[in-house]
Amino acid sequence: MRYLVICFLLFFGCSVALIAQPIGSWQEHLPYNSAISLADDGEKIYAATPYAFFSVNRQNDQVERFSRIKGLAETGMRLIHYAGVGQLVAIYRHGNIDIIENQGITNLPAYRDKQVDADKVIYDISGSGENCLLSAGYGIIVLNLVKKEIGDTWVIGNNGAFTKVNAAVRAGSFYYAATLEGLKKAPAAGVNLADYRNWQTVSGTAGLPTGEVQRVLTGKDSVIYVQAGSTLYRQGDAQFQQVYSDDWTWKHIQWSGDRLLISRRKGSNASIQVLYADGSVETTVSNPMIQFPFQAIYTGTTLWVADSLAGLLEMNNIIVEAIVPGGPGSVGSGDIIAGRGDWWAATGTSISRFRDNNWTVYNGGGQPIPASFGRPGPLVIDKGNVTWSGSVSGGGLLRIHNETFTLMPNVISPAANDPNSFRVKGLASDNENNLWISNDGAAQGLVLLYPDNRVQKFTIPFMYRDYAVADLIIDDLNQKWMISPGNGLFCYNAGASNDNTGDDQWRYYRAGQGNGNLPSNNVLSLVKDDFGFIWVGTDNGIGIVQCPDQVFNSTGCEAVLPVVQADNFAGYLFKGEAVQAMAVDGANRKWIGTKNGLWLISPGGEKTILRFTVSNSPLLSNDVRKIAIDPDGTVVISTAEGICSYRGDATQVSTGSGNVLVFPNPVPPGYNGTIAVRGLVTNAIVKITELNGRLVTQGRANGGQFTWNGRDLNGRQISTGVYLVFTTDESRKEQLVTKIVFIQR
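The structure presented is a predicted model; accordingly, all values stated were derived computationally and were not measured.

## Side note on unusual backbone geometry
The peptide bond linking Asn 665 to Pro 666 adopts the cis configuration, its omega dihedral lying at 5°. Notably, Asp 356 is not glycine yet its phi reads approximately 55°, a positive angle. Following the sequence through the fold, Asp 356 ends up in the loop between strand 32 (350-355) and strand 33 (358-362). Of the residues examined, Asp 356 reaches a relative accessible area of 63% and is grouped as exposed. A positive phi angle, close to 65°, is found at Asn 385, a residue other than glycine. One can find Asn 385 in the loop between strand 34 (376-381) and strand 35 (387-391). Judged by its relative accessible area of 56%, Asn 385 falls in the exposed class.

## Observations regarding the environment of Ala 468
If you trace the backbone, Ala 468 turns up in the loop between strand 41 (455-458) and strand 42 (472-474). When the C-alpha positions of Ala 468 and Gly 486 are compared, they lie 8.1 Å apart, and in sequence the two are 18 residues distant. If near-sequence neighbours (up to four positions away) are discounted, Ala 468 is found in contact with Asp 440, Ile 483, Ser 484, Pro 485 and Asn 487.

## Section: the side chain of Arg 264
Along the polypeptide, Arg 264 turns up in strand 23 (residues 259-266). Given the relative accessible area of 5%, Arg 264 is considered buried. Here Asp 246 takes part through its side chain, which lies 2.7 Å from a polar atom of the side chain of Arg 264. One polar contact links Arg 264 to Gln 273, side chain to side chain, over a distance of 3.4 Å.

## Overview of the nonpolar core
Judged by nonpolar contacts, the single largest core of 49 residues is most densely connected at Ile 272, Leu 303, Leu 312, Trp 591 and Ile 637. Considering each element in turn, this core owes the most residues, 4 residues, to strand 27 (residues 302-307).

## Some words on the sheet that holds strand 39 (residues 435-440)
Taken together, the 4 strands give an open sheet; going across it, the order is 38-39-40-41, and neighbouring strands pair in antiparallel fashion. Sheet topology places strand 38 (423-429) and strand 41 at the edges, where each strand pairs with a single neighbour. On average, each strand axis in the sheet is tilted by 25° relative to the strand beside it, whichever way the strands run.

## Things to note about the sheet that holds strand 20 (residues 231-235)
Within the open sheet, the 4 strands sit side by side as 18-19-20-21. Their pairing is antiparallel. Each end of this open sheet is capped by a strand with a single partner; those strands are strand 18 (215-218) and strand 21 (240-245). In this sheet, neighbouring strand axes are inclined to one another by 25° on average, regardless of whether the strands run parallel or antiparallel. Relative to strand 21, strand 20 runs antiparallel, the two being bridged by 5 bridges. In the strand pairing of strand 21, Arg 234 is matched with Gln 241.

## As for a nonpolar patch on the surface
Side chains of Leu 691, Val 722, Val 741 and Ile 743 sit close together on the surface and give an oily, nonpolar patch of about 300 Å² of accessible area. Position of Leu 691 relative to the elements: it lies in the loop between strand 60 (685-689) and strand 61 (695-700).

## Examining the pairing of strand 40 (residues 446-449)
Residues Leu 446 and Leu 448 line one face of strand 40 and the alternating positions Val 447 and Leu 449 line the opposite face, and both faces are buried. Between strand 40 and strand 41, which pair antiparallel one after the other, the connecting turn spans 5 residues, and Asn 453 there sits at a positive phi close to 75°.

## Here's the deal with the UniProt feature "domain: PorZ N-terminal beta-propeller" (unreviewed entry) in the protein
With numbering aligned to this structure, UniProt lists the feature "domain: PorZ N-terminal beta-propeller" (unreviewed entry) at residues 45-200. Between the C-alpha atoms that bound residues 45-200 there is a distance of 37 Å. The span itself is 3% helix and 49% strand.

## Observations regarding the environment of Ser 602
Position of Ser 602 relative to the elements: it lies in the loop between strand 53 (597-601) and strand 54 (608-612). Linking Ser 602 and Val 737, residues 135 residues apart in sequence, is a C-alpha distance of 28 Å. The contact partners of Ser 602, leaving out residues within four places of it in the chain, are Arg 589, Lys 590, Lys 607 and Ile 609.

## Some thoughts on the pattern of salt bridges
Tallied over the entire structure, the rule returns 31 salt bridges. Among the ionic pairs, Arg 259 bridges to Glu 282, the shortest N-O distance being 3.0 Å. Remark: Glu 282 occurs in strand 25 (residues 281-285) and Arg 259 occurs in strand 23; sequence separation between them is 23 residues. Residue Lys 528 pairs with Asp 476 through a salt bridge whose shortest N-O separation is 3.0 Å. With Lys 528 in strand 46 (residues 523-528) and Asp 476 in the loop between strand 42 and strand 43 (480-484), this pair connects stretches of sequence that are 52 residues apart.

## Examining the side chain of Thr 75
Note on placement: Thr 75 falls in the loop between strand 5 (63-66) and strand 6 (77-82). Ignoring anything within four residues of it in the chain, the contact list for Thr 75 reads Leu 30, Tyr 51, Arg 68, Arg 93, Leu 620 and Glu 641.

## Description of the packing of aromatic side chains
Scanning all chains against the criterion turns up 34 aromatic pairs. For the ring pair Phe 292 and Phe 294, a centre distance of 5.8 Å and an interplane angle of 50° mean the geometry is tilted. Taking relative accessible area as the criterion, Phe 292 reaches 30% and is therefore assigned partly exposed. On the numbers, 6.5 Å between centres and 70° between planes, the contact of Trp 343 with Trp 359 is edge-to-face.

What counts and how
- Residues numbered from 1 in each chain as written.
- Predicted model: local features only at pLDDT ≥ 70, side-chain atom pairs only at ≥ 80, totals over all residues.
- Heavy atoms only, no water.
- Helix = DSSP H or I, 4+ residues; strand = E, 2+ residues; numbered from the N terminus.
- Buried < 20%, exposed > 50% of the residue type's maximum accessible area, 1.4 Å probe, protein only.
- Contact = heavy atoms within 4.5 Å.
- Polar contact = N/O pair within 3.5 Å; in protein donor to acceptor, adjacent residues only side chain to side chain.
- Core = buried A, V, L, I, M, F, W, Y, C linked by side-chain atoms within 4.5 Å.
- Pairing = 2+ DSSP bridges.
- Axes fitted to C-alpha atoms, helices over the stretch in contact; angles between N-to-C directions.
- Patch = residues over 30% accessible without salt bridge, like charges linked within 9 Å, V, L, I, M, F, W, Y side chains within 5 Å.
- Areas by Shrake-Rupley, 256 points an atom, 1.4 Å probe, with all protein chains shown as cover.
- Salt bridge = Lys/Arg side-chain N within 4 Å of Asp/Glu carboxyl O.
- UniProt positions renumbered as here; feature names shortened; annotations may be inferred.
- Phe/Tyr/Trp six-rings, centres within 6.5 Å; stacked < 30°, edge-to-face > 60°.

Structure representation (structure tokens):
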């Protein structure tokens, strides 16, 4: 039964709920469905993914996630290794290193920051106790676990040249290194190991062939094993003897549980080959869930497999379980849209949905997304609560309703230069529930799908390169604004009706005064704010169209390039920055995503309120690609390294006071966080009083949310009791909207 449950979760979603976020907190939403490295500390199994890692308690199956939110230095794992004495070593793709212990995490960025004109990738780690050996693309680096620092570097290539080291171990009185030049060895004591002349090349002698050696490892009694291609050699008294060979591709070989475990693949087949110490075959472990194994280890009779397509597999006799903590199908690769606790994200070849604090992954390849759809990009939910997605890889338009995924034929035209490519790069729904579509590459780049499935197509009356169209939004006048990547921005007004094209009007916005005054022709993002202004993000900052109602007047309406003051200097807003993403929160403030982090700016852009980077926050990457804002104030951020969320302090406004909520309520003893009052009318004045009417605090809401630190006007922590919350709206009418209970002991 457990096998069936886990398979269902792999197909449809995740099994681990994510908790609600307090204001100012971060949460990661990373994929855990790809495992690439394993470690075992005797109590827990650790599985690294390409982004983070997690642990599984071998006794009770409790899962714990580790990411930048919990203090890891980076997002982007390569290896995980247990070094003994309670020390876990995490190796990142760019060479950064974390040592994780019960008392905390120590980051060692020295190797990452070292300037070396060579391959710095760390391919393997071995050892325990005082030192670990890091096998890198140019040599061996010693990691001192006691001092928690990078020690010596051994460059051991012929004539002192850099050479790739695939693996290195210490066995008895020698160090062994599997390198591009073959197997090398050196005495463990009495010589300068940084001198290449003290390293002897063993390959080509002692029974080993010449050429690259992929791995060297030690077995029982420090016996040396060497992998060369798909052949295994075992060291005898004086010679190496071939003990096993096959025609599979080996991803990894490891000594575990007095056995040799080969993770291997051939064509579409995959298995774990289990060998005795003498190289003879004990068994071959295969299962449909083993698809692309990266590593395997034994703990007793349980086999654990890190599979890059299936996640962490726990195999015990005939029972196979996939342990995959909840997360989206991949990093965000297209749009993100956020309703109230209901988010959709385009994630690789899948579409992922976050609802009820759980992720559900709808996979491509026909399960359940039609195989021909390809990669999803834009997403929108129409007024009928139907979700739509477009394929950026040429698979057309997808309708999603009640978890039924339907390709819509005869809506999208093929690209002018590729009759088999039906690309959709932008979607928007208007108040009449019409769906507007950016049909990238087609001669008629704007498409209208009516609720009755009638289709109308529009020719954009300008010369623009490659018929390129992308993101699409609709302003307060029902005008359509559409990005043309590399070309500029289009504005379309349908006139009296969509059917009658005789009164249609178009405007082409480009860089330069008189042409629309955009900061650049390379428009990257687009958003409408609460003033009705159109914010245009380019690769050279932001322009704002502040008069959409005058776009087609005789005077026209050009973009304004805001000038902002920073220290003693004034400059254009985000000049020199690629503004890749923008979103508007409940207080009409703008969240801006660039390649250099995430900003929150004031409604007019004149003030920076917050700036987050990987250096000062748990932001997963400085490369921010998309932003969406949940009405509850949660900012959903899609970066190059994955999706995360930040709980902001501004919510969407309420039309009344019937849905006012306080979080947390009651306020527990010792709570020092932010208290939020949500569901208020726009920018309401809020007063909090004691039951006798004495004023405790007052202020103004951000959009529909008021935040409070739990202290009175004199900065004192308030006492146990019941407190009243009053609001005053624009008509100056004051009313009691809710109560807050404090429990201090």
